[in-house]
Amino acid sequence: MKRILAIAGLTWKAAFRYRLFWVLAALLLAAVVGLPLLLKDDGTAQGFTQILLTYTLSAITALLSIATLWLSCGTLARDVEECQLQMVTTKPIARWQIWIGKWVGILALDALLLAISGAAVFFLMQYRSGHLPANEQKILHEEIFVARASIKERAANLQPIIDQLVEQRFKKANLSSTDQAEIRKQVTEQVRAQAQVVPPGYPRRWVIDLSSLPASVRTQPLQARVKFESADTNPGSTYSTLWQIGPPNSPRQVRAEQVLPPSSFQEFSIPAGLLDDQGKLTVDFINPNNVALLFTIEDGFELLYHEGGFGLNFARGLAIIFCWLALLATIGLAAASLFSFPVAAFISLSILIMG
């Protein structure tokens, strides 16, 4: 490990010698501080978050990705071209230790820069959120600055119904294997359509079991996330949706009306205290429109519940970016082990584009 850390230290020295660290720090600072000042949001909590997070994290990822690829290709290829690596290999150190040491050094540099820029984004968001109106600040801290998990209705097993209908059709005629496969496909689509399509004036019920969640989560407000498709091809259409949420035939049941667009995920709040004695939430949807609406089994309806704070979720996002940088460093070093710097950079970019 001492040898690997020694190579990592030499990689850091090379980064400072090329002034890469200081140039990157200046560019990241400009991206984190300058972009939010140039881009104006619409004053809402969602717009504020989307503008600040999307552009700053995208700029950070792009800058660190380019620098990681450049450094990983250059530090190894140039050491070979300038005959510095030949001097290192005469020492009691294996070639794989040299490779791992450079990889560790690049990742340590990325981790430091990502931590500094990520912390700057986090505290900038906290600071700027204080200038939002009071009602938007409430939305920000209750709905956006939270880490949420999702839970769905346990999917019904449609296979027995499909098998029964297919068997009934097979008994009526002698069919070839090709015809049997086509009939099974048609029956499967019909059964799935019956489970997903809500005709005009008809209801659709979801029963979601929350009994496995902690009591502290079940007593909090929830968020419903819905997505449906419509037979209407007008892209600007919106549809009235009627929802009855809570135990059926109970005074605790609440009724809500939402006007929602199709083909996109939409969310609305569900008050606390609507679960039944078994910890299940019943949600009834009534279609008041003149066209049928389709809620897919996979993502038609799900509940979102509070799982943690914004800081933890933000750290997860930075960890994903760090994994991406680790992949770039691996590709760059692998190419630089075999080729010169220009060819290694070209091959690395080619691999990324094809991937």
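Right above here is the structure, for reference.
A quick note: this is a predicted structure, and the numbers were derived from the prediction, not measured.

### Things to note about the overall build of the protein chain
Here is step 1: When you go through the protein chain residue by residue, the secondary structure sums to 11 helices and 11 strands.
Here is step 2: Over its C-alpha atoms the protein chain spans a radius of gyration of 28 Å, topping by over 25% the 20 Å that the globule rule assigns to 355 residues.
Here is step 3: Taken over the C-alpha atoms alone, the protein chain extends approximately 80 × 65 × 40 Å along its principal axes.
Here is step 4: A buried classification covers 37% of the 355 residues belonging to the protein chain.
Here is step 5: Sequence-distant contacts in the protein chain: of pairs separated by 6 or more residues, those separated by 24 or more amount to 80%.
Here is step 6: Split by element, the accessible area of the protein chain, about 19,800 Å² in all, is 61% carbon and sulfur.
Here is step 7: Between the centroid of the 30 positive side chains of the protein chain and the centroid of its 27 negative side chains there is a distance of 10 Å.

### A closer look at the environment of Ala224
Here is step 1: Here Ala224 is to be found in strand β4 (residues 222-226).
Here is step 2: Its relative accessible area of 0% is what places Ala224 among the buried residues.
Here is step 3: Spatially, the C-alpha atom of Ala224 lies 4.7 Å from that of Leu303, the residues being 79 residues apart in sequence.
Here is step 4: Here Ala224 is in contact with Gln266, Glu267, Phe268, Ile270, Phe301, Glu302 and Leu303, once residues within four sequence places are set aside.

### Observations regarding the nonpolar core
Here is step 1: Membership of the largest hydrophobic core comes to 45 residues, with the highest contact counts inside it found for Ile60, Leu64 and Met125.
Here is step 2: Among the elements of the structure, α1 (2-17), α2 (20-38), α3 (45-81), α5 (95-129), α10 (310-336) and α11 (341-354) are those that each provide at least two residues to this core.
Here is step 3: Beyond its immediate stretch of four places on either side in the chain, Ile60 contacts Leu28, Val32, Leu114, Ser117 and Val121.
Here is step 4: Listed in part, the 28 residues of the second largest apolar core include Leu274, Leu275, Phe285 and Tyr305.

### Some words on the packing of aromatic side chains
Here is step 1: Under the criterion given, the structure shown has 15 aromatic pairs.
Here is step 2: Between Trp243 and Phe295 the ring centres are 6.4 Å apart and the planes differ by 85°, which places this aromatic pair in the edge-to-face class. Here Trp243, found in strand β6 (residues 239-245), pairs with Phe295, found in the loop between β10 (293-294) and β11 (301-309); they are 52 residues apart in sequence, far enough to count as distant.
Here is step 3: Overall, the relative accessible area of 0% leaves Trp243 in the buried class.
Here is step 4: A centroid spacing of 5.7 Å and a plane angle of 35° characterise the contact between Phe310 and Phe314, whose relative ring orientation is tilted. Linking Phe310 with Phe314, this pair stays in helix α10, spanning four residues, or about one helical turn.

### Considering the sheet that holds β4
Here is step 1: Taking strand neighbours across the sheet as the criterion, the four strands line up as β1-β11-β4-β8 in an open arrangement whose pairing is antiparallel. Lying at the two open borders of the sheet, with one neighbouring strand each, are β1 (146-151) and β8 (266-270). The sheet shows a mean angle of 35° between the axes of neighbouring strands, direction not considered.
Here is step 2: Bridge count for β4 against β11 is four bridges, and the pairing is antiparallel. Bridge pairing links Val226 to Phe301 in β11.
Here is step 3: Contacts between helix α6 (residues 134-144) and the sheet are confined to β1, β4 and β8, with β1 contributing the most and set at about 50° to the helix.
Here is step 4: Against the sheet, α10 contacts β1 and β11, and its axis sits at roughly 100° relative to β11.

### Here we look at the sheet that holds strand β7 (residues 254-260)
Here is step 1: Here four strands make up an open sheet; going across it, the order is β3-β9-β6-β7 and the pairing antiparallel. Of all the strands in the sheet, just β3 (203-209) and β7 have a single pairing partner and so form its edges. When strand polarity is set aside, the average angle formed by the axes of neighbouring strands in this sheet is 25°.
Here is step 2: In this sheet, strand β9 (residues 280-286) lies alongside β3 in antiparallel orientation, the contact comprising seven bridges. Looking at the pairing, Arg204 lines up with Phe285 of β9.

### Describing the environment of Cys73
Here is step 1: One can find Cys73 in helix α3.
Here is step 2: With 28 residues separating them along the chain, Cys73 and Gly101 place their C-alpha atoms 14 Å apart.
Here is step 3: Excluding its chain neighbours within four sequence positions, the residues that come into contact with Cys73 are Gly332, Ala336, Phe341, Ala344, Ala345 and Ser348.

### Quick look at unusual backbone geometry
Here is step 1: Phi is positive for Asn249, which is not a glycine, with a value near 55°.
Here is step 2: Mapping Asn249 onto the fold places it in the loop between β6 and β7.
Here is step 3: Its relative accessible area of 82% is what places Asn249 among the exposed residues.
Here is step 4: The residue Ser263 is not glycine, and still its phi comes out positive at about 60°.
Here is step 5: By relative accessible area, which is 43% here, Ser263 ends up partly exposed.

### Remarks on the pattern of salt bridges
Here is step 1: Inspection of the entire model under this criterion finds five salt bridges.
Here is step 2: Residue Asp284 pairs with Arg205 through a salt bridge whose shortest N-O separation is 2.6 Å. One end of the pair, Asp284, is in strand β9; the other, Arg205, is in strand β3, and 79 residues separate them in sequence.
Here is step 3: Among the ionic pairs, Arg225 bridges to Glu267, the shortest N-O distance being 3.1 Å. Here Arg225, found in strand β4, pairs with Glu267, found in strand β8; they are 42 residues apart in sequence, far enough to count as distant.
Here is step 4: When salt bridges that share partners are traced, they join Arg148, Arg225, Glu267 and Glu302 into one network.

Analysis parameters
- Here the residue numbers are simple positions, counted from 1 along each chain's written sequence.
- The predicted nature of this model means local features are confined to residues of pLDDT at least 70 and side-chain atom pairs, given and counted, to a pLDDT of 80 or more, with totals for whole chains, interfaces and linings taken over all residues.
- Think of the side-chain values as coming from all heavy atoms in the structure, minus any hydrogens and water.
- Helical segments are the DSSP runs of H or I of at least four residues, strand segments are the runs of E of at least two, and each set is numbered from the N terminus.
- Our radius of gyration is a C-alpha quantity, and the globule rule it is checked against amounts to 2.2 Å times the number of residues to the power 0.38.
- Classification of residues uses two cut-offs on accessible area relative to the type maximum, computed with a 1.4 Å probe and protein chains only: under 20% is buried, over 50% is exposed, and between them is partly exposed.
- Here, two residues are considered to be in contact whenever any of their heavy atoms come within 4.5 Å of each other.
- For accessible areas, the Shrake-Rupley method is used with a probe of radius 1.4 Å. Any residue's cover is judged against the shown protein chains and nothing else.
- By the counting rule applied here, Lys and Arg register as positive and Asp and Glu as negative, while His and the ends of each chain are not counted.
- Charged groups are reduced to one reference atom each: NZ for lysine, CZ for arginine, CG for aspartic acid, CD for glutamic acid.
- Nonpolar core, defined: a set of buried Ala, Val, Leu, Ile, Met, Phe, Trp, Tyr and Cys residues in which side-chain atoms within 4.5 Å join the residues together.
- Stacked, edge-to-face and tilted are the three classes for Phe, Tyr and Trp ring pairs, Trp counted by its six-membered ring, which pair at centre distances within 6.5 Å; planes under 30 degrees apart are stacked, over 60 edge-to-face, the rest tilted.
- The criterion for strand pairing is that DSSP finds at least two bridges linking the strands in question.
- Axes here refer to lines fitted to C-alpha atoms; in helices the fit is confined to the stretch in contact. Angles between the N-to-C directions go from 0 to 180 degrees.
- Definition used for salt bridges: Asp or Glu carboxyl oxygen within 4 Å of a side-chain nitrogen of Lys or Arg.

Nothing here speaks to function; it is geometry throughout.
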